[in-house]
Amino acid sequence: VCWFTTASRVPDSIWTSSGVFLGWTLLALIAAGTVLARWRNQWTHGLHILVGLLNRPLADFQDTAPPAVPLPPHHPFHAVARRLAARLHEIAGQLQDSDNHRAALEVQMCRQTAEQERTSTVLASLHEPVLVVDEYGELLQANPSAERLFNFDAHQVHRRALSSITQCQQLLDLLSETQRRTAHTKRREEIELVDTAGRRRWHEVTASSFAPSGVRE
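Residues numbered from 1 in each chain as written. Predicted model: local features only at pLDDT ≥ 70, side-chain atom pairs only at ≥ 80, totals over all residues. Heavy atoms only, no water.

Quick rundown of the environment of leucine 53? Include the residues and the values.
Locating leucine 53 in the fold gives a position in helix 1 (residues 12-55). The class of leucine 53 is buried, set by a relative accessible area of 3%. Sequence separation between leucine 53 and leucine 88 is 35 residues; the distance between their C-alpha atoms is 8.5 Å. What leucine 53 contacts, discounting residues up to four positions off in sequence, is Phe61, Ala81, Leu84 and Leu88. (Helix = DSSP H or I, 4+ residues; strand = E, 2+ residues; numbered from the N terminus. Buried < 20%, exposed > 50% of the residue type's maximum accessible area, 1.4 Å probe, protein only. Contact = heavy atoms within 4.5 Å.)

Have a look at this one:
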């Protein structure tokens, strides 16, 4: 006994439509992969450029203008790289200015130190007692003759008020009057001082201003 049934046949149009759909889908996937690969390469290259800018020494950015960015204008990281290069150029300029200012200060300090040493040498060679005070009446320098006359060590009383070193009111008044006068002035008085041996002696004391900062001698 044989049974015969009618088999259902898939139309050819369905297979044709499916093939077209699969073909377009494959093309879309290939195109998307190509775009993604291109974007990945751009991002990798852009990040490499940014890291390279950060790793460069700041001395490379001390020119008059920021360095050129090795990225095409249409690159997505071009604007970021330009801003980064400009900021590094600004920081390098600030550091350069700071170094120049520090070098100038070091030179100024060396000159001031050398000048103070020369002044100390000159004062030490004088036989007359010499006291140098600032506008606040604090002792800055004294030669050995002044140390013997007033019985103190200049290093121990440096920057101390002269009124705590000597009780001679005439001398303090002379310096105070000289300090009150803003113009360059020189005043001279005879003042009686008592030395370490208790002997009273008259000294001709000259107070004068010799520096714009108000230091008095």
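Okay, back to it.
Give a detailed account of the environment of arginine 188, specifying residues and quantitative values.
Structurally, arginine 188 is set in strand 3 (residues 186-194). A C-alpha to C-alpha distance of 4.3 Å links arginine 188 and threonine 206, two positions 18 residues apart in sequence. Apart from residues no more than four positions distant in its own chain, arginine 188 is found in contact with Glu204, Val205 and Thr206. A polar contact is formed between the side chain of arginine 188 and the side chain of threonine 206, at a distance of 3.2 Å. (Polar contact = N/O pair within 3.5 Å; in protein donor to acceptor, adjacent residues only side chain to side chain.)

An account of unusual backbone geometry is needed here, citing residue identities and associated values.
At asparagine 151, a position not held by glycine, the phi torsion is positive, near 60 degrees. Mapped onto the secondary structure, asparagine 151 falls in the loop between helix 3 (144-150) and helix 4 (169-180). Accessibility expressed as a relative area gives 59% for asparagine 151, which makes it exposed. With phi around 70 degrees, arginine 159 is a residue other than glycine that occupies positive phi space. Along the chain, arginine 159 turns up in the loop between helix 3 and helix 4. Note on arginine 159: relative accessible area 46%, which makes it partly exposed.

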